[in-house]
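What follows is each chain in one-letter form.
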Amino acid sequence: MHDPKLGKLIIEALTQNNLEIKENRLEILFQDFVASAVLGEKHYGVSAPALSSGITERAVTLGLYTSALDMDDVNWKVLTHPGSIIWPIATSIGIERGLSLKQVYEAAAYGYRTGATIANFFGPLHRSKWHVTATSGAFAATTTAAIALGLSREQHVKALHICAMNIGGSSQAVLERKGAAQTNRASAISLGITSAHAALVGAPHAEDIWSGPRGLFELFLVEGSASEILNGIDGVAIRLMDANGFVHAALAAALKLREVHKEKIESITVVLSTSVAAILDASQGGPWWNPAYAVAALWESGDPTNLQSASEFLAVTHVEFEEMPIGAGKVRIKTAGGEHEEYVEQAPENKTWRDVKWGNAGISSAEDSYRRCSSFPLAALR
């Protein structure tokens, strides 16, 4: 039996302004967000003049751009992509209200805390049916907007209640591997902003969001067993490699082996978590979602940021799955000299790889990145 009091206590905790703001880490996450948005804008290849002003319009556009290449940040603890929801809101409100970067970072920090805590509280059962980036992301969006707009704590609570009655996001968008999850993020962005504005003007809201057949516990398969308040920043990693995030650790493992073993390769085995077997079966999504292709291409190029060709090693590269943390990866190679294996729990944020991504987007500083978001196209020098 779920205890609705626990959900209420979490909402109360998440609306207290008592969070340590880790500005150095937030600055990196912010610049990576803008880099992802700039590269996503280039990917779409169309201008958005009608969507270049107004908080919601700007935020939705930034969210779509940021997630376009599937290189937005990821929280491996709760398996969400928070930055492509949080930063578009904090930045768009910041631009409209003339907030400093410090104030933008503060709003984002609280958004990261809310999103990670809610995703953790909702649990794996919820995640098996719903796109948790979208559901927990709507709460994160609401908190980000509430802090950036200067809502009172009472208004913040009301905003989260309004959000709770409207969350959604089908996991089918993720399973198809065709990019539809971008619009799940955009929906969470618009819902968060709407919820904060509704609370700001005093719109009515549901009081009991947790219990009963229409409450969150039952409707959204919320487990409610993990009530820890997470700061949401410590578990977040930026994505810098030219493949989906689930294979990044395996790529790091392959790179370690490649740097040591120069003899002819007889076979390469990529081992990933059984939890991602249904997503990484290479049946949909092309090379981006094919672990064998990614590692074979890495062995060919030696550069995780350039995985365009796998012709030389793909035929001898195979994928297996076993019990290990999601996001971890193992690679085994067989050569004339024997078998060699490397395991990586989480891929490093190599500065060289980061410089490639940020350089391709023309990112030079946080201040310049903030200016870039003030109008479209983002890639234009300001």
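We now turn to the structure provided with this report.

Thresholds, definitions, all that
- Residues numbered from 1 in each chain as written.
- Predicted model: local features only at pLDDT ≥ 70, side-chain atom pairs only at ≥ 80, totals over all residues.
- Heavy atoms only, no water.
- 1 Å grid on protein atoms, 1.4 Å probe; cavity = no way out; pocket = protein on both sides within 12 Å on 5 of 7 lines; lining within 4 Å.
- Points joined across faces, edges and corners; volume = space filled by probe spheres on them.
- Helix = DSSP H or I, 4+ residues; strand = E, 2+ residues; numbered from the N terminus.
- Nonpolar A, V, L, I, M, F, W, Y, C, P; charged D, E, K, R; others polar.
- Axes fitted to C-alpha atoms, helices over the stretch in contact; angles between N-to-C directions.
- Parallel < 35°, antiparallel > 145°, perpendicular 65-115°, else oblique.
- Left-handed = near helix turned anticlockwise from the far one by under 90°.
- Contact = heavy atoms within 4.5 Å.
- Phe/Tyr/Trp six-rings, centres within 6.5 Å; stacked < 30°, edge-to-face > 60°.
- Buried < 20%, exposed > 50% of the residue type's maximum accessible area, 1.4 Å probe, protein only.
- Lys NZ or Arg CZ within 6 Å of the ring centre and 35° of its normal.
- Pairing = 2+ DSSP bridges.
- Core = buried A, V, L, I, M, F, W, Y, C linked by side-chain atoms within 4.5 Å.
- Salt bridge = Lys/Arg side-chain N within 4 Å of Asp/Glu carboxyl O.

### Quick word on the layout of surface pockets
- Taken as a whole, the largest pocket spans an internal volume of roughly 930 Å³.
- Around the largest pocket, the lining comprises 38 residues; the ones closest to its centre are His81, Val174, Phe246, Ile279 and Trp289.
- At the level of elements, helix H5 (101-129), helix H6 (132-148), helix H8 (172-175) and helix H9 (181-201) are the ones that each hand at least two residues to the lining of the largest pocket.
- Looking at side-chain class alone, the lining of the largest pocket contains 19 nonpolar, 13 polar and six charged residues.

### What about empty space enclosed by the protein?
- Taken as a whole and assessed by the stated rule, the structure comprises three cavities of 30 Å³ or more.
- One number sums up the size of the largest cavity: a volume of about 120 Å³.
- Forming the boundary of the largest cavity are 16 residues, of which Trp76, Ala237, Ile238, His248 and Ala347 lie nearest the centre.
- Broken down by class, the residue content of the lining of the largest cavity amounts to 10 nonpolar, four polar and two charged.

### A word on the packing of helix H7 (residues 153-164) against H9
- Contact geometry of H7 with H9 gives a least axis separation of 8 Å together with a crossing angle of 130°. Classified by the angle between their axes, H7 and H9 sit oblique to one another. Seen along the crossing, H7 lies across H9 with a hand that is right-handed. Counting all contacts with H7, which are made through Gln155, Lys158, Ala159, Ile162 and Cys163, the residues of H9 involved are Leu191, Ser195, Ala196, Ala198, Ala199 and Leu200.
- Partitioned by chemical class, the residues of the contact of H7 with H9 number eight nonpolar, two polar and one charged.

### Points about the packing of aromatic side chains
- In the structure shown here, the tally under the stated rule is 15 aromatic pairs.
- Centre to centre, the rings of Phe122 and Phe139 are 6.0 Å apart; their planes meet at 90°, and the pair counts as edge-to-face. With Phe122 in helix H5 and Phe139 in helix H6, this residue pair connects regions lying 17 residues apart in the sequence. The residues Phe122 and Phe139 share a single accessibility class, namely buried.
- Through a chain of ring-to-ring contacts, the aromatic side chains of Phe30, Phe33, Trp87, Tyr105, Tyr112 and Tyr370 assemble into a single cluster.
- Geometry around Trp358 places Arg354 over its ring, the cationic atom sitting 4.4 Å from the centre.

### Some thoughts on the sheet that holds strand S6 (residues 338-344)
- Here we have four strands laid out as an open sheet, ordered S4-S3-S5-S6, and mixed in their pairing. The open sheet has two free edges, formed respectively by strand S4 (317-322) and S6, since each of these has just one partner strand. The average angle at which neighbouring strand axes cross in this sheet is 20°, direction not considered.
- Here strand S3 (residues 265-273) pairs with strand S5 (residues 329-335) via six bridges, running antiparallel. Opposite Ile265, over in S5, you have Thr335 as the bridge partner.
- Running at roughly 135° to S3, helix H12 (residues 291-301) makes contact with S3, S4 and S5 of the sheet.

### Some points on the nonpolar core
- Membership of the largest hydrophobic core comes to 115 residues, with the highest contact counts inside it found for Trp87 and Leu216.
- Among the elements that make up this core, the one with the highest residue count is H5 (11 residues).
- Ignoring sequence-local partners within four residues, the contact set of Leu216 consists of Phe122, Phe139, Ala164, Ile167, Ile209, Trp210, Leu221 and Val222.
- Counting five residues, the second-largest nonpolar core is a separate cluster that includes Val78, Ala116, Val132 and Leu230.

### Digging into the pattern of salt bridges
- This structure, assessed with the given rule, holds 15 salt bridges.
- Its salt-bridge partner being Lys330, residue Glu322 comes within 2.7 Å of it at the nearest N-O pair.
- Overall, Glu322 belongs to the partly exposed group, its relative accessible area being 29%.
- One salt bridge connects Arg371 with Asp368, and the closest N-O pair in it is separated by 3.9 Å. With Arg371 and Asp368 both in helix H14 (residues 366-372), this residue pair falls three residues apart, about one helical turn.
- Several salt bridges converge on common partners, so that one network encompasses Asp70, Asp72, Arg185 and Arg239.

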